[in-house]
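Results of the structural survey
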Amino acid sequence: MTAPKPREGRCVRCKQPRPVFVYKPQHNCIDDIGRVDLIEAATHLAWIEENGDQWCQARIDHMPRRLCVPCHDKEAVEEQEFIDDVLDES
């Protein structure tokens, strides 16, 4: 069985036209919080925006991050740093 051919497009990081893949984040703040009332949800959404959680923000905006292979690796490193620095302190 062969892997599906990657989609051609423009990488959201380097803006180069290349084969791109949807980046699947390592964390998921939205599912982790679970079912909450409206006030808690608004507070949580504000926290995502204030702390620069671009991965959960992309999910909220229904905009999957399509990245080329080199940028995909950089994205994974940046997300891990975000998890270590911001999420682990919360």
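The structure contained in this document is the topic of the report that follows.

What counts, and at which threshold
- Residues numbered from 1 in each chain as written.
- Predicted model: local features only at pLDDT ≥ 70, side-chain atom pairs only at ≥ 80, totals over all residues.
- Heavy atoms only, no water.
- Buried < 20%, exposed > 50% of the residue type's maximum accessible area, 1.4 Å probe, protein only.
- Helix = DSSP H or I, 4+ residues; strand = E, 2+ residues; numbered from the N terminus.
- Patch = residues over 30% accessible without salt bridge, like charges linked within 9 Å, V, L, I, M, F, W, Y side chains within 5 Å.
- Areas by Shrake-Rupley, 256 points an atom, 1.4 Å probe, with all protein chains shown as cover.
- Salt bridge = Lys/Arg side-chain N within 4 Å of Asp/Glu carboxyl O.
- Lys, Arg positive; Asp, Glu negative; His and termini not counted.
- Charge placed at Lys NZ, Arg CZ, Asp CG, Glu CD.
- Pairing = 2+ DSSP bridges.

The next thing to look at is unusual backbone geometry. Backbone geometry at Lys15 places phi at a positive 65°, although glycine is not the residue there. Using a relative accessible area of 48% as the deciding quantity, one classes Lys15 as partly exposed. For His62, which is not glycine, the phi dihedral falls at a positive 55°. On the secondary structure map, His62 appears in the loop between helix H3 (54–60) and strand E3 (66–67).

Next up on the list: a negative patch on the surface. On the surface, Glu81, Asp84, Asp85, Asp88 and Glu89 cluster together to form a negatively charged patch. With respect to the element layout, Glu81 can be found in helix H4 (residues 69–87). Assessed through its relative accessible area of 45%, Glu81 is described here as partly exposed.

Right, let's get into the sheet that holds strand E2 (residues 17–22). The strand order E1-E2-E3 describes an open sheet built from three strands, whose pairing is antiparallel. Looking at the sheet topology across the chains shown, the edges are occupied by strand E1 (7–10) and E3. In the sheet, E2 pairs with E3 via two bridges, with the strands oriented antiparallel. Looking at the pairing, Val22 lines up with Arg66 of E3.

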